[in-house]
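Read off the chains here:
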Amino acid sequence: MKLLVVVDMQNDFIDGALGTKEAVSIVPHVAQKLDKARKEGWAVVFTRDTHTEDYLNTQEGRNLPVPHCIVGTKGWEITEALAVEDATILDKPTFGSTKLAHYITRLPDLEEVCLVGLCTDICVISNAMLVKAALPEVLVSVDASCCAGVTPQSHLNALEAMKMCQIQVQ
């Protein structure tokens, strides 16, 4: 079994509160990757950064005082450019998702996990590291053309860090 993990492709990270032109530019690439994975029979999981109205009172909110991905808002929703109807969606309150790590360890005969999405230097790297730690003998990869960081430089730094931890960068 192969699994595509689409990390936080939400409106607030694309063109909303924390959006960037780089995030906007990867949306078509992620849509193509998602379509190809489905045609090849891959399972698909989306993660969704999920905060509540009291976000600014959380540790993350005090360090990043920009309300984003508040449950029920347009910014919290996964972009309409990506079809989610046949996928599992895992809500997560922080960068890395222990729910994702637990989910993947229960998948039968998992051969490969590929991660794409936003932001390379925060949530993608956090989840890739958790997946690699949970299943060290499974091939874990990140498609760089389907990821964007907070800045282009931090995107590249995250890719290099993942390579050092035996996560393949495509």
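Heads up: the structure comes first, above all this text.
Residues numbered from 1 in each chain as written. Predicted model: local features only at pLDDT ≥ 70, side-chain atom pairs only at ≥ 80, totals over all residues. Heavy atoms only, no water.

K.L.:
Looking at this structure, I do not really get the sheet that holds strand β3 (residues 88–92). What am I missing?
P.N.:
Think of a sheet as strands paired side by side through backbone hydrogen bonds, with each pair either parallel or antiparallel. The 6 strands lie next to each other as β3-β2-β1-β4-β5-β6, forming an open sheet whose pairing is parallel. Two strands close off the open sheet at either side, each with one partner strand: β3 and β6 (168–169). For strand β5 (residues 139–148) and β6, the ladder comprises 2 bridges, and the chain directions are parallel. Looking at β6, one finds that S141 is bridged to Q168. Taken strand by strand, helix α5 (residues 120–134) contacts β1 (2–7), β3, β4 (112–118) and β5, and its axis lies near 165° from that of β4. Its contacts with the sheet put helix α6 (residues 152–164) on β5 and β6, and the angle it makes with β5 is roughly 170°. (Pairing = 2+ DSSP bridges. Helix = DSSP H or I, 4+ residues; strand = E, 2+ residues; numbered from the N terminus. Contact = heavy atoms within 4.5 Å. Axes fitted to C-alpha atoms, helices over the stretch in contact; angles between N-to-C directions.)

K.L.:
Please clarify how unusual backbone geometry should be interpreted in this entry.
P.N.:
Negative phi characterises most residues that are not glycine, and trans characterises most peptide bonds. With omega at -20°, the peptide bond leading from L118 into C119 counts as cis. Within the secondary structure, C119 is located in the loop between β4 and α5. Of note in the backbone geometry, D109 takes a positive phi value of approximately 50° without being a glycine. Position of D109 among the secondary structure elements: in the loop between α4 (98–105) and β4. Judged by relative accessible area, D109 falls into the exposed class, the value being 66%. (Buried < 20%, exposed > 50% of the residue type's maximum accessible area, 1.4 Å probe, protein only.)

K.L.:
Looking at this structure, how should I read the pairing of β5?
P.N.:
A regular strand places its side chains on the two faces of the sheet in alternate fashion. A large share of β5 lies buried, amounting to 8 of its 10 residues. As judged from the 6 bridges shared by β4 and β5, these two strands associate in the parallel manner. The residue of β5 that forms the bridge with V113 is V140. Between β4 and its parallel partner β5, the chain crosses via α5, and the hand of that crossover is right-handed. Once you follow β5 into α6 and on to β6, the crossover reads as right-handed. (Right-handed = clockwise from strand over helix to strand, strands pointing away.)

K.L.:
For this particular structure, what's the right way to read the nonpolar core?
P.N.:
As a rule of thumb, nonpolar side chains are buried together in soluble globular proteins. Among the nonpolar cores identified, the biggest contains 27 residues, and L3, I104, L110, V113, L115, V142 and M162 are the most heavily contacted of them. Secondary structure elements with two or more residues in this core: β1, α4, β4, α5, β5 and α6. The element that contributes the greatest number of residues to this core is α5, accounting for 5 residues. Apart from the residues lying within four places of it in its own chain, the contact partners of L3 are W42, A43, V44, V45, I104, L107, L110, E112, V113 and C114. Ranked by size, the runner-up nonpolar core spans 25 residues in total, among them L4, F46, C69 and C114. (Core = buried A, V, L, I, M, F, W, Y, C linked by side-chain atoms within 4.5 Å.)

K.L.:
I'm lost on the side chain of D8 in this one. Help?
P.N.:
Relative to the helices and strands, D8 is located in the loop between β1 and α1 (11–14). Those residues within four positions of D8 in sequence are excluded, and the remaining contacts are F13, T47, R48, D49, K92, L118 and C123.

K.L.:
So what exactly am I meant to see when it comes to the state of the cysteines here?
P.N.:
Simply put, disulfide is the name for a covalent bond between the sulfur atoms of two cysteines. One pass over the structure, following the stated rule, counts 0 disulfides. You can see C114 has no disulfide; the closest cysteine sulfur is in C146, sitting 7.5 Å from it. Unpaired in this structure, C146 has its nearest cysteine sulfur neighbour in C147, at a distance of 6.8 Å. The exposure class assigned to C146 is buried, which follows from its relative accessible area of 2%. (Disulfide = S-S within 2.5 Å.)

K.L.:
Explain α6 here, please?
P.N.:
Its 13 residues give α6 an end-to-end C-alpha distance of 19 Å, which sits within 8% of 18 Å, the value for a rise of 1.5 Å per residue. Structurally, α6 contributes buried residues whose contacts are with α5, β5 and β6. Downstream of α6 by one or two residues, Q166 has phi in the positive range, about 65°. (Expected span 1.5 Å × (residues − 1).)

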